[in-house]
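Architecture and fold: a report
These are the residues of each chain, in order.
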Amino acid sequence: MTNALPLYRRALGDSWRSLIGWSLGVVGAIFLYVPLFPSIGGSPDVQKLLESMPPELIKALGYDSLSSGAGYVHSTFYGLIGFVLVVIAATTWSTAAIAGDEETGSLELTLAHGVTRVQIVLERAAAIVTRLLWLTVLSVLLVLALNDSAGLAIEPGNLLGEGAAFLGLAMVSAGFGLAVGAITGRRTYASAAAAGVAVAGYALNAVGNQSSDLEWLHALSPYAWAYGTLPLANGADWAGLALLYGVSAALIAVAALALSRRDVTG
């Protein structure tokens, strides 16, 4: 049993310092924004400021629901700062897992120890998911702890739904990083794919919010799959979660297949 999942355990052991750093980022972002809700949510000055801004910009940023606790936490953390943090973390970890090791020559050394290529992908993907899950759980616990003192009035069940969407969205970026890294062996390409899908998803969602004629763009946006029904206010969107986790699983499978068929010794 001590030799079970060696690559998974090694990946977690090698990344504990970075995980602490990302955890501190999540803690800092939540404590920077969430406790301010009582002075911002119902503030007449903030409402006047929002009214002075173009409606298109308000919709694009998701600031049309700042007056509620759920809308405020989503707009400031889960849909913006937290989203940026977790996507950068997912991009960093996923591109290092395959492409980064291949560029440094570490991947060949790992393969020389009698592990399979599929095992490398699956165990390292599991390690990435574990770290992303920790960041998600940390954010949910902190928001829950501040729920009463900040007057958020968020339903705990809805917070779990938001957390599941947050994790799924990060996993899509990580999946692209793993898949493109396994296909190309180049960290630059993997990083561009992992970060690019997040940026594209956010942009498609923002444009789709502008009018009913553009709403079809939401179907192409992982960001909209995660947050289109405002799970923090309305509960989990099971169809959106199925898309996020289904695409993530498919991308991990693509990564495993690609690495198993490609020459990494050249």
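Residues numbered from 1 in each chain as written. Predicted model: local features only at pLDDT ≥ 70, side-chain atom pairs only at ≥ 80, totals over all residues. Heavy atoms only, no water.

A cluster of nonpolar residues, Leu133, Trp134, Val137 and Leu141, forms a patch on the protein surface that exposes about 350 Å² of accessible area. Structurally, the position occupied by Trp134 is in helix H8 (residues 117–146). Taking relative accessible area as the criterion, Trp134 reaches 39% and is therefore assigned partly exposed. (Patch = residues over 30% accessible without salt bridge, like charges linked within 9 Å, V, L, I, M, F, W, Y side chains within 5 Å. Areas by Shrake-Rupley, 256 points an atom, 1.4 Å probe, with all protein chains shown as cover. Salt bridge = Lys/Arg side-chain N within 4 Å of Asp/Glu carboxyl O. Helix = DSSP H or I, 4+ residues; strand = E, 2+ residues; numbered from the N terminus. Buried < 20%, exposed > 50% of the residue type's maximum accessible area, 1.4 Å probe, protein only.)

Moving on to the packing of helix H9 (residues 156–184) against helix H10 (residues 187–208). In a packed pair of helices, the relevant descriptors are the angle between the two axes and the axis-to-axis distance. Two elements in contact, H9 and H10, have axes separated by 7 Å at closest approach and are oriented at 155°. Of the possible angle classes, the one that applies to H9 and H10 is roughly antiparallel. Crossing angle aside, the handedness with which H9 passes H10 is right-handed. Two secondary-structure elements touch here, H9 through Val172, Ser173, Phe176, Gly177, Val180, Gly181 and Thr184 and H10 through Tyr189, Ala190, Ala193, Ala194, Val197 and Ala198. (Axes fitted to C-alpha atoms, helices over the stretch in contact; angles between N-to-C directions. Parallel < 35°, antiparallel > 145°, perpendicular 65-115°, else oblique. Left-handed = near helix turned anticlockwise from the far one by under 90°. Contact = heavy atoms within 4.5 Å.)

This part is about the nonpolar core. Counting 67 residues, the largest nonpolar core has Val73, Tyr78 and Leu132 as its most contacted members. For this core, the elements supplying multiple residues, two or more each, are helix H2 (16–33), helix H6 (69–104), H8, H9, H10, helix H11 (222–227) and helix H13 (238–261). Here this core gets 14 residues from one element, more than from any other, and that element is H6. With near-sequence residues (within four places) excluded, Val73 lies in contact with Val34, Tyr78, Val143, Leu152, Ile154 and Leu232. (Core = buried A, V, L, I, M, F, W, Y, C linked by side-chain atoms within 4.5 Å.)

This structure, assessed with the given rule, holds three salt bridges. A salt bridge links Arg10 to Asp14; the shortest N-O distance between them is 2.9 Å. Of the two residues, Arg10 and Asp14 both sit in helix H1 (residues 6–14), four residues apart, roughly one turn of that helix. With relative accessibility at 53%, the residue Asp14 sits in the exposed group. Glu102 is the salt-bridge partner of Arg262, the closest N and O atoms lying 2.7 Å from each other. Placement of the pair is Arg262 in the segment after H13 and Glu102 in helix H6, with a sequence separation of 160 residues. Of the two residues examined, Arg262 and Glu102, each falls in the buried class.

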